[in-house]
Amino acid sequence: MHVQSIETAAASEALAAFTVEPKALADAAAFLAKRVVERRNATPILSHIHIAADLAGTITLTATDRDNFASVSLPAAVESLVGGKAVASFLQMDDFATRLVATVDNLARPAAPPRVWPVQPTPDRFTVLDDGTGRTVIDPDNALRYAPLVLLAETVNLRQAVGLYQRLYPLLQRRYEELGYPGRHFNDRVIAVIDHLLAAPEPVEPVAVVMPALNTPLPPPRPWVMYEFADPQLEALSAGQKILVRVGVVNARRLKARLAELRALLVAPAAPATPASS
């Protein structure tokens with residue numbers, strides 16, 4: 001077996017071309033498998049393996065480090081989409097792909113831990129006030145805390161965002177399977193979660209909240225994160241739907257409008273190729 005060329009730089013194609021001879025294809029496949037094993041500890045596993053043969057009798061196997069390429073280029077790609085200032089102010093870029101996948105999945109579940117969010121927690125404290133009838137309600141000014149992030153969501157070019165999502169999808173799919181969903185499609189989960197969020201209720205404001213009973217004589221160190229909705233039906237909502245209630249009805253409607261646009265782009269059929277002019 002004659003190895004014509006090998007390129008092994010990270011985040012680039014690892015190419016091995018073999019001249020056909022007895023058992024060449026089997027030997028080439030074995031060689032590629034060996035490269036996968038060798039590189040597993042250094043870079044993400046090779047993927048998108050392609051085998052091609054030409055009439056001259058040359059068989060080419062190409063395996064591209066798509067995971068590594070995505071992890072290297074992802075911060076720059078996100079910055080080109082939203083801008084460097086927005087990345088620094090709003091996003092958590094360390095292991096961004098895992099954060100994004102985990103949070104999307106969690107939004108339709110009872111809890112979405114902030115420690116794995118792809119966005120920074122909203123600054124300042126969640127604020128409440130007494131409505132004059134003895135009820136504790138969400139302060140209407142609390143919605144102002146979320147305005148910058150809502151504005152960012154409204155200014156992002158959604159077509160470019162979907163293009164980036166499609167480029168990164170192999171990586172996102174693998175991260176989703178690593179969460180414990182082998183054989184299931186992350187894009188199906190994305191659509192289902194968007195539909196779930198669009199169905200979030202829009203209760204009459206102000207929304208009443210209560211502080212749960214604590215089995216300790218000591219005051220909680222961060223009581224503003226412990227409030228629950230007084231309405232049991234609201235308290236039974238998913239983490240994502242609760243967020244939409246907390247941000248206020250105006251912000252929620254603005255976010256839902258963007259989610260609806262995003263969904264339409266994600267399910268739209270691919271545009272047919274433009275025929276070449278004669």
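In what follows, the structure referred to is the one given above.
Q: Tell me about the packing of aromatic side chains, and please be specific about residues and values.
A: Applying the stated criterion to the full structure yields 5 aromatic pairs. Taking 5.7 Å as the distance between ring centres and 70° as the angle between the ring planes, the aromatic pair formed by Tyr-165 and Tyr-169 counts as edge-to-face. Residue Tyr-165 and its partner Tyr-169 are both found in helix 6 (residues 158–178); the two are separated by 4 residues, about one turn of the helix. Ring plane angle 55° and centroid distance 5.4 Å describe the contact between Tyr-176 and Phe-186, whose orientation is recorded as tilted. A residue pair is termed long-range when its members are at least 10 positions apart, and Tyr-176 in helix 6 and Phe-186 in helix 7 (residues 186–198) qualify at 10 residues. A residue is classified by how much of its surface remains accessible, and Tyr-176, at 1% relative accessible area, is buried.

Q: Go over the packing of helix 5 (residues 147–155) against helix 10 (residues 249–267) with me, naming the residues and quoting the values.
A: Following both chains from N to C, one finds helix 5 and helix 10 inclined at 25°, their axes separated by 10 Å at the closest point. In terms of their interaxial angle, helix 5 and helix 10 are classed as roughly parallel. Of the two elements, helix 5 crosses helix 10, and the hand of that crossing is left-handed. Contact residues: helix 5 offers Val-150, Leu-151, Ala-153, Glu-154 and Thr-155, while helix 10 offers Asn-251, Arg-254, Leu-255 and Arg-258. Residues that form the contact of helix 5 with helix 10 fall into these classes: 4 nonpolar, 2 polar and 3 charged.

Procedures and definitions
Residues numbered from 1 in each chain as written. Predicted model: local features only at pLDDT ≥ 70, side-chain atom pairs only at ≥ 80, totals over all residues. Heavy atoms only, no water. Phe/Tyr/Trp six-rings, centres within 6.5 Å; stacked < 30°, edge-to-face > 60°. Helix = DSSP H or I, 4+ residues; strand = E, 2+ residues; numbered from the N terminus. Buried < 20%, exposed > 50% of the residue type's maximum accessible area, 1.4 Å probe, protein only. Axes fitted to C-alpha atoms, helices over the stretch in contact; angles between N-to-C directions. Parallel < 35°, antiparallel > 145°, perpendicular 65-115°, else oblique. Left-handed = near helix turned anticlockwise from the far one by under 90°. Contact = heavy atoms within 4.5 Å. Nonpolar A, V, L, I, M, F, W, Y, C, P; charged D, E, K, R; others polar.

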